[in-house]
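# Fold and contact review
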Amino acid sequence: MELLEKVAREAEERTQVPAYPVSVEKVLKAVILSGDFWKIVDYSDEPLPLVAEILKILNREGIIAFEGSQILLTEKGAEFVKEANIQPPVSHRCKCCNGRGVVIDETLKDAFEKFVEIQKNRPPAIHCFDQGYVTPENSFARVALADDRGDLRGKKVCVLGDDDLMSIALALTGLPEKVTILEIDERLINFIKEVSDKYNLNIDARVHDLRKPLPKDVVGAYDTFFCDPPETVEAIKAFVGRGVATLKAERCAGYFGVTRRESSLDKWRKIQKVLLDMGLVITDLLHNFNEYVNWDYYEEMRGWQLTPVKEPPKEIWYKSTQFRVETVKGFKGFNEPIVGDIYNDAESSTT
Ligand SMILES: NCCCCN(CCCN)CCCN
């Protein structure tokens with residue numbers, strides 16, 4: 001449909017985010033299902049800045065209307081989607097594992113319940129470090145996934161950045177031989193140290209800015225790493241590159257999230273190329289594995305300025321795909337100093 005083409009082209013011009021007729025179609029499919037901006041971003045799986053711009057252009061074209069906090073199809077819009085046979089999205093996601101492929105079963109239950117208690121006193125997510133933590137159940141699903149792939153028992157694990165409190169979740173299970181956490185935010189390091197002392201978890205927790213090279217004793221000393229970087233290619237290089245630099249050999253694993261909320265598939269392609277160039281193979285890609293608890297600084301984030309209707313998010317809307325990567329022959333980490341802005345690009349929305 002030439003309308004989809006036209007809207008896509010204009011939206012790309014205005015946002016500098018790659019846009020396709022399919023992008024416009026996915027936004028329309030989402031609008032059929034929900035009038036809530038955050039749900040439309042979630043269902044469309046397109047970067048927030050692009051969704052906001054597409055909605056504004058469709059409104060100008062008389063296809064959708066903004067009524068209070070709702071985003072609705074107009075008569076003309078309903079006509080258009082019928083003509084174009086655009087239907088609402090359908091989900092067949094597994095209710096038992098929530099589409100993650102792993103469950104927190106008996107062997108992890110005790111540690112999980114302790115974690116749920118402990119994390120109640122966690123420091124709140126703050127804007128300056130692009131923090132946004134995942135649900136406690138999600139942190140443990142990551143533990144289950146890594147244990148399912150054989151990446152934890154008797155292994156040395158390094159966590160790079162930890163507002164998700166992965167270091168505590170991992171240590172509570174007693175599965176890894178050692179857990180090290182490098183984190184820029186002193187509040188988090190103090191909290192993790194307190195919990196480690198109280199529960200005798202023996203977590204090696206250090207304040208460290210990952211834009212700087214790793215501490216010497218961390219390089220090439222671990223079997224598995226976890227991180228959840230900000231969504232720029234630079235940040236992926238910094239966090240994942242550093243993660244790879246902590247690994248001791250080939251066939252070691254790394255885990256991290258990449259979102260569709262702040263990354264177009266064109267950026268995904270760049271990210272995946274960076275991963276392959278580091279000598280990594282992507283063994284698992286679990287869509288919407290990670291669900292981020294809404295942070296209270298939403299009015300400060302760029303996305304809020306872009307939304308066509310000003311209504312705070314009610315449910316979890318920010319999700320990411322969990323990547324599992326493995327090193328093969330010729331892998332190399334990235335341990336040079338990082339300069340410049342690792343938090344912002346044209347697709348960023350929550351920084
Ligand atoms: N700014 C709020 C959302 C940030 C999510 N990002 C950091 C998550 C840290 N747990 C990146 C998510 C995917 N890489």
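One can find the structure itself at the top, above this paragraph.
Residues numbered from 1 in each chain as written. Predicted model: local features only at pLDDT ≥ 70, side-chain atom pairs only at ≥ 80, totals over all residues. Heavy atoms only, no water.

## Digging into the overall build of the protein chain
Each helix and strand counted, the protein chain has 12 helices and nine strands in total. Summarising its shape, the C-alpha atoms of the protein chain cover approximately 65 × 40 × 35 Å along the three principal directions. Taken across its 351 residues, the protein chain has 57% of its residues classed as buried. Of the roughly 15300 Å² of accessible surface on the protein chain, a fraction of 50% belongs to carbon and sulfur atoms. Between the mean site of the 47 positive side-chain charges and the mean site of the 58 negative ones, the protein chain shows a separation of 3 Å. (Helix = DSSP H or I, 4+ residues; strand = E, 2+ residues; numbered from the N terminus. Buried < 20%, exposed > 50% of the residue type's maximum accessible area, 1.4 Å probe, protein only. Areas by Shrake-Rupley, 256 points an atom, 1.4 Å probe, with all protein chains shown as cover. Lys, Arg positive; Asp, Glu negative; His and termini not counted. Charge placed at Lys NZ, Arg CZ, Asp CG, Glu CD.)

## Details of the site of the ligand
Lining the immediate environment of the ligand, one finds 14 residues, of which Asp130, Asp163, Pro229, Glu231 and Gly257 sit closest. In the model, a nitrogen atom of the ligand is placed 2.9 Å from a nitrogen or oxygen of the Gly132 main chain. One of the side-chain nitrogen or oxygen atoms of Tyr297 is found 2.8 Å away from a nitrogen atom of the ligand. One can see that the ligand is located within the largest cavity. (Near = heavy atom within 4 Å. Polar contact = N/O pair within 3.5 Å; in protein donor to acceptor, adjacent residues only side chain to side chain. 1 Å grid on protein atoms, 1.4 Å probe; cavity = no way out; pocket = protein on both sides within 12 Å on 5 of 7 lines; lining within 4 Å. Sits in = over half its atoms within 2 Å of the grid points.)

## Looking at the pairing of strand 4 (residues 178-183)
With five of six residues buried, strand 4 is to be regarded as a mostly interior element. Bridge analysis of strand 3 (residues 156-160) against strand 4 gives five bridges, and the strand direction is parallel. Each residue of the ladder has a partner; that of Leu160, found in strand 4, is Leu182. Viewed along the sheet, the connection from strand 3 through helix 8 (residues 166-173) into strand 4 turns out right-handed. Strand direction decides the pairing type here: strand 4 and strand 5 (residues 204-207), joined by four bridges, are parallel. The partner of Thr180 across the bridge, within strand 5, is Asp204. (Pairing = 2+ DSSP bridges. Right-handed = clockwise from strand over helix to strand, strands pointing away.)

## Here we look at the layout of surface pockets
Taken as a whole, the largest pocket encloses approximately 450 Å³ of empty space. By residue number, the principal contributor to the lining of the largest pocket is helix 3 (residues 37-44), which donates four residues. In terms of residue class, the lining of the largest pocket is made up of seven nonpolar, five polar and seven charged. Residues from two domains meet in the lining of the largest pocket; each of domain 1 (2-83) and domain 2 (106-327) gives at least three. (Points joined across faces, edges and corners; volume = space filled by probe spheres on them. Nonpolar A, V, L, I, M, F, W, Y, C, P; charged D, E, K, R; others polar. Domains from an automatic or database assignment.)

## Digging into empty space enclosed by the protein
On inspection of all chains with the given rule, the structure shows two cavities of 30 Å³ or more. When its volume is computed, the largest cavity comes out at roughly 490 Å³. Forming the walls of the largest cavity are 38 residues, and the residues nearest its centre are Phe129, Asp130, Asp163, Asp228 and Pro230. Mapped onto the lining of the largest cavity, the elements with two or more residues apiece are strand 3, strand 6 (224-227), strand 7 (253-259) and strand 9 (319-327). Among the elements that take part in the lining of the largest cavity, strand 7 stands out by supplying three residues, more than any other.

## What to know about the nonpolar core
Within soluble globular proteins, side chains that are nonpolar generally end up buried alongside one another. Formed by 42 residues in total, the largest nonpolar core has its most connected members in Leu28, Phe37, Leu58 and Trp295. Looking at which element gives the most residues to this core, the answer is helix 4 (residues 48-60), with eight residues. Residue assignment places this core across two domains, with domain 1 (2-83) and domain 2 (106-327) each supplying three or more. Not counting the four nearest positions on each side in its chain, Leu58 is found in contact with Leu3, Val7, Val24, Leu28, Ile63 and Ile64. (Core = buried A, V, L, I, M, F, W, Y, C linked by side-chain atoms within 4.5 Å. Contact = heavy atoms within 4.5 Å.)

By themselves, these figures tell us nothing about what the structure is for.
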